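# Coordinates in review
Read off the chains here:
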Amino acid sequence: MGNALFYNNIISAILAFVGGACAGSFINAAAMRTVAGRKWWGKERSVCDSCCHVLSAADLAPILSFLILRGKCRYCGKPIKPGHFGAELISGTLTAAMFWRWGVSSAMLVSALVMWFSLFNALTDLENGYIYDASALSLGAIGLLLRVFAGWGVLFDGILGAALGFGFIGAIILISRGGMGWGDALLMAGIGGAVGWKYCAFSLYMGFIAGGLVVVPMLLKRKVKRKDAVPLGPFLAAGSVFTLFAGNMLVTRFGGLIGYNPGWPWW
Ligand SMILES: [Zn+2]
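Scoring rules and cut-offs
Residues numbered from 1 in each chain as written. Predicted model: local features only at pLDDT ≥ 70, side-chain atom pairs only at ≥ 80, totals over all residues. Heavy atoms only, no water. Donors = N, O, S within 2.8 Å, 3.2 Å for Na, K, Ca; no water. Tetrahedral: all angles 85-135°; square planar, octahedral: opposite > 155°, others 65-115°. Buried < 20%, exposed > 50% of the residue type's maximum accessible area, 1.4 Å probe, protein only. Patch = residues over 30% accessible without salt bridge, like charges linked within 9 Å, V, L, I, M, F, W, Y side chains within 5 Å. Areas by Shrake-Rupley, 256 points an atom, 1.4 Å probe, with all protein chains shown as cover. Salt bridge = Lys/Arg side-chain N within 4 Å of Asp/Glu carboxyl O. Helix = DSSP H or I, 4+ residues; strand = E, 2+ residues; numbered from the N terminus. Domains from an automatic or database assignment. Contact = heavy atoms within 4.5 Å. Nonpolar A, V, L, I, M, F, W, Y, C, P; charged D, E, K, R; others polar. Core = buried A, V, L, I, M, F, W, Y, C linked by side-chain atoms within 4.5 Å. Axes fitted to C-alpha atoms, helices over the stretch in contact; angles between N-to-C directions. Parallel < 35°, antiparallel > 145°, perpendicular 65-115°, else oblique. Left-handed = near helix turned anticlockwise from the far one by under 90°.

So, about the coordination of the zinc ion. At 2.3 Å from the zinc ion lie its protein donor atoms, namely Cys48 (SG), Cys51 (SG), Cys73 (SG) and Cys76 (SG). Each of the 4 donor atoms bound to the zinc ion contributes to angles spanning 104 to 118°, and the resulting shape is tetrahedral. Each donor residue of the zinc ion lies on one chain, and together they are spaced C-x2-C-x21-C-x2-C. For cysteine 73, a relative accessible area of 7% translates into the label buried. Classification of cysteine 76 as partly exposed rests on a relative accessible area of 31%.

To continue, consider a nonpolar patch on the surface. Together, Phe6, Tyr7, Ile10, Ile14, Val18 and Trp100 make up an exposed nonpolar region whose accessible area comes to about 610 Å². Sorting elements by how many residues they give to the nonpolar patch places helix H1 (residues 2-35) first, with 5 residues. Checked against the element boundaries, tryptophan 100 lands in helix H4 (residues 82-102). Its relative accessible area of 48% is what places tryptophan 100 among the partly exposed residues.

At cysteine 52, a position not held by glycine, the phi torsion is positive, near 65°. Relative to the helices and strands, cysteine 52 resides in the loop between H1 and helix H2 (57-60). Phi at arginine 70 is positive, roughly 50°, even though this residue is not glycine. Residue position: arginine 70 is located in the loop between helix H3 (64-68) and H4.

Quick look at the pattern of salt bridges now. For the structure on display, the rule yields 3 salt bridges. Of the charged contacts in the structure, one is a salt bridge between aspartate 59 and arginine 74, with a shortest N-O distance of 2.7 Å. Remark: arginine 74 occurs in the loop between H3 and H4 and aspartate 59 occurs in helix H2; sequence separation between them is 15 residues. Residue classification places arginine 74 among the partly exposed positions, given a relative accessible area of 48%. Two residues, arginine 147 and aspartate 157, come together in a salt bridge whose shortest N-O distance is 3.5 Å. Residue arginine 147 is found in helix H6 (residues 133-148), and its partner aspartate 157 is found in helix H7 (residues 152-176); the two are separated by 10 residues along the sequence. One exposure class covers both arginine 147 and aspartate 157, and it is buried.

Turning next to the domain arrangement of the protein. When the domains of the protein are assigned, the result is domain 1 (1-104) and domain 2 (106-267). Look at where the C-alpha atoms of domain 1 and domain 2 centre, and you get two points 24 Å apart. Each side of the interface is counted separately: domain 1 has 21 residues, and domain 2 has 17 residues. For the interface between domain 1 and domain 2, the tally reads 1 salt bridge. Breaking the side of domain 1 that touches domain 2 down by element, the ones donating at least two residues are H1 and H4. Considering each element in turn, the side of domain 1 that touches domain 2 owes the most residues, 10 residues, to H4. In the side of domain 1 that touches domain 2, the residues fall into 13 nonpolar, 6 polar and 2 charged.

Core analysis: the biggest nonpolar cluster contains 43 residues, and Met98, Val114, Ile169, Met188, Val195, Leu236 and Trp264 have the highest contact counts within it. Counting residues per element, the ones that place at least two in this core are H4, helix H5 (106-128), H6, H7, helix H8 (182-220) and helix H9 (233-253). With 13 residues, H8 is the single largest residue contributor to this core. Mapping this core onto the domain boundaries places at least three of its residues in each of domain 1 (1-104) and domain 2 (106-267). Aside from chain neighbours lying at most four places away, what touches methionine 188 is Gly161, Gly165, Phe166, Ile169, Cys200, Ser203, Leu204 and Leu236.

The next thing to look at is the packing of H7 against H8. In the contact formed by H7 and H8, the axes pass within 6 Å of each other and the chain directions differ by 115°. Judged on the interaxial angle alone, H8 and H7 are roughly perpendicular. As for how H7 packs across H8, the hand of that crossing is right-handed. Taken together, the residues that form the contact of H7 with H8 break down as 19 nonpolar, 7 polar and 2 charged.

Structure below.
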């Protein structure tokens, strides 16, 4: 029955959303603790950012607690940072979309890893302008490791991707003398190692378009001055996630130029 399959898929997507929202909650907590220079493993309990009251399990329920409490701390009534809610909603929605698109597969696993690491880097970049080398490089290392199992050609594609990501941003840094940081170069090296050079090229392209769409109107409205550093990490992260979904279509469209592609995760 087609209908039964459809409802199964809906239920699975809801479960994927809940799992993804929990992952987003964890990633946000880890990112904020990293920025604050605290370790994010061990027994430290989550507390309210304003009153430092220890949060209960119910307070930590992703998305629901934010909606029920209307974005305010239960104990002190101060607003909860919208970043918590945003990270949970983005991770939940994208995880469900990835599950819907790929089901349980290596394509889903690699896509989710890229998305979660990109989310972490975007959050630290937004919070204090830093992309942490260890996080960016971990994604590249995991990506290359997974590629080892898929064969030498696939591994080589990842190495090319890492080189392209690092080299492209690095060249911009050297030519423009600032504006972008080496953290951005490492972020794209990590993403390139996971997604390979074709997806890395599209990620860069989409990231710069997304950045331009947001930054140029801000420049026109004079909300930012041309010399202000705009965090680029979130745009590069958004470009990569967009490419995860649209990349196969894009690569196929340019297939005459760059050869046969069997599809994501390895091309
Ligand atoms: Zn509070």
